[in-house]
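Below are the chains, spelled out letter by letter.
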Amino acid sequence: QQQADARKAAFMHPDGDHLTYLTLYRSWEQARFAPSWCYTNYVNLRTMRQAKDICGQLAEFMRRFKLPLVSSPKQLSLVRKA
């Protein structure tokens, strides 16, 4: 349990849960969505796959309505506003 808590603490963001989830997702994305990453970091794979599906749905929505798909990884204030 302590090892799991330590792994999860590595993703914690001081500005709240949404940014923690974003940090977690980006880390999994950098790992090329590997299931083993989830097991190593004590993260539920099914939940992460749902998040990936939702991300894809949102991107498709943006394309369909010809809205710019903009990422602001270094401007977290913009993410907080969204």
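One structure accompanies this document, and this report is about it. (Residues numbered from 1 in each chain as written. Predicted model: local features only at pLDDT ≥ 70, side-chain atom pairs only at ≥ 80, totals over all residues. Heavy atoms only, no water.)

Taken together, the side chains of F61, F65 and L67 present a nonpolar region at the surface, about 290 Å² in accessible area. Its place among the elements puts L67 in the loop between α4 (45-64) and α5 (76-81). (Patch = residues over 30% accessible without salt bridge, like charges linked within 9 Å, V, L, I, M, F, W, Y side chains within 5 Å. Areas by Shrake-Rupley, 256 points an atom, 1.4 Å probe, with all protein chains shown as cover. Salt bridge = Lys/Arg side-chain N within 4 Å of Asp/Glu carboxyl O. Helix = DSSP H or I, 4+ residues; strand = E, 2+ residues; numbered from the N terminus.)

Below, the discussion takes up helix α2 (residues 17-30). Under the 1.5 Å per step criterion, the end-to-end length of α2 is 20 Å for 14 residues, consistent within 8% with the ideal 20 Å. Buried residues of α2: L19, T20, L24, Y25, S27 and W28, and no others. Of the surrounding secondary structure, the elements contacted by the buried residues of α2 are α3 (35-40), α4 and α5. Two residues or fewer past α2, R32 is found with a positive phi of approximately 60°. (Expected span 1.5 Å × (residues − 1). Buried < 20%, exposed > 50% of the residue type's maximum accessible area, 1.4 Å probe, protein only. Contact = heavy atoms within 4.5 Å.)

So, on to the layout of surface pockets. Empty space among the atoms becomes apparent when a probe as large as a water molecule is rolled across them. In this structure, the largest pocket encloses a volume near 1,100 Å³. By residue class, the composition of the lining of the largest pocket is 19 nonpolar, five polar and two charged. Reported here for the second largest pocket is a volume of approximately 160 Å³. Contributing to the lining of the second largest pocket are K8, F11, M12, D17, T20, Y21, L24, N41, Y42 and V43. It is α2 that contributes the most residues to the lining of the second largest pocket, four residues altogether. Classifying every residue of the lining of the second largest pocket by side-chain character gives six nonpolar, two polar and two charged. (1 Å grid on protein atoms, 1.4 Å probe; cavity = no way out; pocket = protein on both sides within 12 Å on 5 of 7 lines; lining within 4 Å. Points joined across faces, edges and corners; volume = space filled by probe spheres on them. Nonpolar A, V, L, I, M, F, W, Y, C, P; charged D, E, K, R; others polar.)

Remark: α2 packs on α4, axes separated minimally by 11 Å, with the N-to-C direction vectors making an angle of 90°. Taken together, α2 and α4 sit at an angle that is classed as roughly perpendicular. Contacts from L24, Y25 and W28 in α2 reach L45, M48, R49, A51, K52 and C55 in α4. Residues belonging to the contact of α2 with α4 are distributed by class as follows: seven nonpolar, no polar and two charged. (Axes fitted to C-alpha atoms, helices over the stretch in contact; angles between N-to-C directions. Parallel < 35°, antiparallel > 145°, perpendicular 65-115°, else oblique.)

In this section: α4. Over its 20 residues, α4 runs 28 Å from end to end, which matches the ideal 28 Å to within 8%, given 1.5 Å per residue. Close packing links the buried residues of α4 with α2 and α3. With a side-chain oxygen positioned 2.9 Å from the backbone nitrogen of R46, the residue opening α4 is N44. At the C-terminal side of α4, K66 shows a positive phi close to 55°. (Polar contact = N/O pair within 3.5 Å; in protein donor to acceptor, adjacent residues only side chain to side chain.)

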